[in-house]
Amino acid sequence: SILIASLPAFIFIILLCFIDKDFVKKSWFKLLIVLIIGAIGSYICYRFEMHFGSYFKRVKESTYLEVLFYAIFGVAVFEEGYKWLISFCTTSVDKERTPRHILIYCVMASIGFAWFENIVYFAIPYGYLVTFQRIFTAFPSHICNAIWMSYFMILCFKSEKFKRVVFCFLSLVVPIIVHALYNSFLYGNRTELIIYNRIYFIILCLSSVFLVYKILKKK
């Protein structure tokens, strides 16, 4: 179960090496720290979610809008906020940053977060079947959130004054919304909403691939 839970992390780390092999080789220790801090954040956010989740109605007794509100302010704001903080701080201290560097920082933080989540909260208690399913659903969704975050963070660091503030704000808010929408269709285990989740997930993956293409084209 732990091996299966780790498989997507290995795959995405290898893909990052293809994006910028020299940077990964040169900054491997820094990226390892980002990965570890991201993993620690999974536990920190879990504690926040357990605490603040008690203030919301049970999802089975809630309307969709109430579920979406919970998905935003009870879950996504902590998880994406934590990953944004790691990525933004790491990018800020990188004086030679490029669009590819920012993309790798954001994705590496999400890999650490999702890796820890996969092992501790799914592989160990539920076994390999649930963990295997997450290879094709939850784990890639974390990576997609990171890609959207990196896209607006790149625009933030290349802009000045008011535009910089706007793109900085979007680099945090957009991943929160994207993450919350994904979760909102799953909470409550309603069949009609799960179908929307699959459609949304496909659109999310395709749009994220397109954003990666745009980022890699930037000098």
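Structure's up top.
Residues numbered from 1 in each chain as written. Predicted model: local features only at pLDDT ≥ 70, side-chain atom pairs only at ≥ 80, totals over all residues. Heavy atoms only, no water.

**Student:** Got a sec to walk through helix 6 (residues 128–135)? Specific residues and values, please.
**Tutor:** By the burial criterion, the buried members of helix 6 are Thr-131, Arg-134 and Ile-135. Projection of helix 6 onto a plane perpendicular to its axis shows the buried side chains occupying an angular sector of 115 degrees, all on one side. Seen from the buried face of helix 6, the exposed residues on the opposite side, beyond 90 degrees, are Leu-129 and Gln-133. On its buried face, helix 6 sits against helix 1 (2–19), helix 5 (99–126) and helix 7 (138–158). (Buried < 20%, exposed > 50% of the residue type's maximum accessible area, 1.4 Å probe, protein only. Helix = DSSP H or I, 4+ residues; strand = E, 2+ residues; numbered from the N terminus. Arc of directions from axis to C-beta. Contact = heavy atoms within 4.5 Å.)

**Student:** Requested: an account of a nonpolar patch on the surface, with residues and values cited.
**Tutor:** A cluster of nonpolar side chains, Trp-28, Phe-29, Leu-32, Ile-33, Ile-36, Ile-37, Ile-40, Tyr-43, Ile-44, Phe-48, Phe-52 and Tyr-55, forms an exposed patch at the surface whose accessible area comes to about 1200 Å². Within the secondary structure, Leu-32 sits in helix 3 (residues 28–53). When its relative accessible area of 34% is taken as the criterion, Leu-32 is described as partly exposed. (Patch = residues over 30% accessible without salt bridge, like charges linked within 9 Å, V, L, I, M, F, W, Y side chains within 5 Å. Areas by Shrake-Rupley, 256 points an atom, 1.4 Å probe, with all protein chains shown as cover. Salt bridge = Lys/Arg side-chain N within 4 Å of Asp/Glu carboxyl O.)

**Student:** Tell me about the pattern of salt bridges, residues and numbers included.
**Tutor:** Counted according to the given criterion, the structure contains five salt bridges. One salt bridge in this structure joins Glu-96 and Lys-26, with 3.4 Å as the shortest N-O distance. With Glu-96 in the loop between helix 4 (64–93) and helix 5 and Lys-26 in helix 2 (residues 21–26), the pair connects residues that are 70 residues apart, well separated along the chain. Overall, Glu-96 belongs to the exposed group, its relative accessible area being 55%. You can call Lys-26 exposed: its relative accessible area is 62%. The partner of Lys-83 in a salt bridge is Glu-80, and the shortest N-O contact between them spans 2.9 Å.

Everything listed here is a matter of coordinates, which is why it stays silent on function.
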